[in-house]
Amino acid sequence: MGALESIVAGAATNLVAPAVLFFALGAIAGWLKSDLTIPEQAAKTLALYLMLCIGFKGGVEARASGLTAELVSAGGFGLVLSFAAPFAAYAALRGFGGLDRVTAAATAAHYGSVSVVTFAAGSEYLRAIGIEFGGYMAAVLALMETPAILAALLIAGAPGSKPDSAQSARFKSTLWREVFLNGAAVVLIGSFVIGVMSGERGMARLDLFVNALFQGALCLFLLDMGLVASRRLAEAPKLNVRLIAFAISWPLLSAGVALLGAQALHLSLGDASLLAVLSASASYIAAPAAMRIALPKADAGVYLSLSLGITFPFNLLVGIPLYHAAARLLYG
Amino acid sequence: MKFATRTKLEIFVEAHAVDEIERMLRDVGFKGCSVFAGVEGAGSHGAWRQTGVEEAGMRLVVTIGAEEAAEAALHWLENYFAAYPGVVAMSEVKVLRAERF
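Residues numbered from 1 in each chain as written. Chains lettered and ligands numbered in written order. Predicted model: local features only at pLDDT ≥ 70, side-chain atom pairs only at ≥ 80, totals over all residues.

### So, the overall build of chain B
Then step 1. Of regular secondary structure, chain B possesses 2 helices and 6 strands.
Then step 2. In chain B, the succession of helices and strands from N to C terminus is β-α-β-β-β-β-α-β.
Then step 3. Burial analysis of chain B (101 residues in total) assigns 28% to the buried set.
Then step 4. Considering only contacts within chain B whose residues lie at least 6 apart along the sequence, 75% involve residues at least 24 apart. (Helix = DSSP H or I, 4+ residues; strand = E, 2+ residues; numbered from the N terminus. Buried ≥ 20, exposed ≤ 12 C-beta atoms within 10 Å, placed from the backbone. Contact = placed C-beta atoms within 7 Å.)

Below you can see the structure in the form of structure tokens.
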């Protein structure tokens, strides 16, 4: 099969994957103003479940493979990418997108941080087409969540927006707790550690829960994501063509940089593809929560609409197979 | 029935502020408060809706106490609202079991 045929076949496989189709169903239902909703607490539980599965499975696989050079290099490179990306994204959002300083910094944090569900969808795509990747990529995912938020705080000069010093001290403790101890990070990292500690014997006990049920839960969560994304987009009149262009071109650029780095570090094809997916993804859980505290004057309508309304669907529908195809071309 | 007059504050803020506001209410003299989760609504920044994804949680903190405590809380909230979104309403209410407020 030629490279082009392989890319088209991969894209076709992705577009008819149940998870992607459920996302589309949610988006269409939201667009048509259906009364379909996933209860808030159910969606939160599903998000925690997905993180538990990703972390636990990654931990079990990391234990099996041990502390490898690939884990160290992929983790180190992921950290650098996540910290450096907001500086470049900020320059683009200010110069090209025309955003104000604070909103540009908050948006840049979203594009440096990562999306757990995009990672889950990327992992499932690679499994569906038979590409192996290291379980330690779940640890890389966890490592890439926070540095971008710290970078955005450096860019914007936060914290310090509160006038009263006593309030400011309390505010800082709330912010750091949100950055380092938010529920998503605790479950993801904690599950990874539990997976490392319990290994294959733990997996034998949780197999049904973390493997067999995972696809169904991902479909249900993506149904909700489709609803949220379409409603978010419908309520986003502030987005101009330049910002929309950024939300599509930035992931392509980030994925390209990640792939070049992965190749230089001799990561496997699967690891390189997942690193590109991570780098191209935009956060919509950890980063918004931190930005609401750290940069309250930033326009949440802009950063959430871009990350959730444009970049997430783009990555899910087009990006994931595209990044893998680019990795294949690069790896020959 | 024996009623007493007290002051009620209804403070509508983002979820991340609730701990800080509860602490402040205790500091200025309120004996307690109740917190309710927002579902959806609209304001000066357009419509909002609580979802399980974006964590845009809004909370309504309701407290009843002495007028002096309410005024001290309003002073604190004035500073807070200079940086963060939210609204507050103050009203005079009649309560039974006044010793609880």
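### Observations regarding the environment of isoleucine 28 of chain A
Then step 1. By the secondary structure assignment, isoleucine 28 of chain A is in helix 2 (residues 18-31).
Then step 2. Isoleucine 28 of chain A sits in the partly exposed class, given 14 other C-beta atoms within 10 Å.

### Here's the deal with the nonpolar core
Generally speaking, nonpolar side chains in soluble globular proteins are found buried as a group.
Then step 1. Ranked by internal contacts, the top residues of the largest apolar core, which has 115 residues, are Leu50, Ala105 and Ala152 of chain A.
Then step 2. It is helix 15 (residues 300-331) of chain A that provides the largest number of residues to this core, a total of 13 residues.
Then step 3. Apart from residues no more than four positions distant in its own chain, alanine 105 of chain A is found in contact with Tyr90, Ala152, Ile155, Ala156 and Leu295 of chain A.
Then step 4. Of all hydrophobic cores here, the second largest spans 15 residues; its members include Ile11, Val13, Ala69 and Leu77 of chain B. (Core = buried A, V, L, I, M, F, W, Y, C linked by C-beta atoms within 7 Å.)

### Examining the confidence of the model for chain B
Residue and element names in this part refer to chain B.
Then step 1. Of all residues in chain B, 93% have pLDDT values of 70 or greater, and the mean over the chain is 89.
Then step 2. Confidence, expressed as mean pLDDT per element, reaches its minimum in chain B at strand 4 (residues 46-49) with 72 and its maximum at strand 6 (residues 86-95) with 96.
Then step 3. Overall fold confidence for the complex sits at a pTM of 0.84, while the interface term, ipTM, reaches 0.72. (pLDDT = per-residue confidence, 0-100.)

### Some points on the packing of helix 4 (residues 69-95) of chain A against helix 5 (residues 101-112) of chain A
Residue and element names in this part refer to chain A.
Then step 1. Packing of helix 4 against helix 5 brings their axes to within 8 Å, and their N-to-C directions diverge by 140°. As the angle between them shows, helix 4 and helix 5 are arranged oblique. In this structure, helix 4 crosses over helix 5, and the sense of that crossing is right-handed. On helix 5, the residues that touch Ser82, Ala85, Pro86, Ala89, Tyr90, Leu93 and Arg94 of helix 4 are Ala104, Ala105, Thr107, Ala108, Ala109, Tyr111 and Gly112.
Then step 2. Broken down by class, the residue content of the contact of helix 4 with helix 5 amounts to 10 nonpolar, 3 polar and 1 charged. (Axes fitted to C-alpha atoms, helices over the stretch in contact; angles between N-to-C directions. Parallel < 35°, antiparallel > 145°, perpendicular 65-115°, else oblique. Left-handed = near helix turned anticlockwise from the far one by under 90°. Nonpolar A, V, L, I, M, F, W, Y, C, P; charged D, E, K, R; others polar.)

### So, helix 12 (residues 241-264) of chain A
Residue and element names in this part refer to chain A.
Then step 1. Counted at 1.5 Å a residue, the expected span for helix 12 with its 24 residues is 34 Å, and the 35 Å between its end C-alpha atoms agrees.
Then step 2. Remark: the principal bend of helix 12, roughly 25°, maps to serine 249, with a proline, proline 251, within the next four residues.
Then step 3. Along helix 12, the positions that sit buried rather than exposed are Leu243, Phe246, Ala247, Trp250, Pro251, Ser254, Ala255, Ala258, Leu259, Gly261 and Ala262.
Then step 4. Each element contacted by the buried residues of helix 12 is listed here: helix 4, helix 5, helix 13 (269-280) and helix 15.
Then step 5. Following helix 12 by one or two positions, histidine 266 adopts a phi angle in the positive range, close to 60°. (Expected span 1.5 Å × (residues − 1). Bend = angle between axes of the 7 residues up to and from the residue.)

### Considerations on the sheet that holds strand 1 (residues 4-14) of chain B
Residue and element names in this part refer to chain B.
Then step 1. The 4 strands lie next to each other as 2-5-1-6, forming an open sheet whose pairing is antiparallel. A single partner strand is all that each edge strand has here, and the edge strands are strand 2 (34-37) and strand 6. Adjacent strand axes in the sheet meet at a mean angle of 20° when their direction is disregarded.
Then step 2. Where strand 1 and strand 6 come together, 10 bridges link them in antiparallel fashion. Looking at the pairing, threonine 5 lines up with lysine 94 of strand 6.
Then step 3. In the packing of helix 1 (residues 18-28) onto the sheet, contacts are made with strand 1, strand 2 and strand 5 (58-65), and the angle to strand 5 comes to roughly 5°. (Pairing = 2+ DSSP bridges.)

### Thoughts on the environment of glycine 183 of chain A
Residues and elements named next belong to chain A.
Then step 1. Structurally, glycine 183 is set in helix 10 (residues 183-212).
Then step 2. Looking at glycine 183, the number of C-beta atoms within 10 Å reads 16, which means it is partly exposed.
Then step 3. Measuring from C-alpha to C-alpha, the distance between glycine 183 and arginine 127 comes to 27 Å, with 56 residues separating the pair along the chain.

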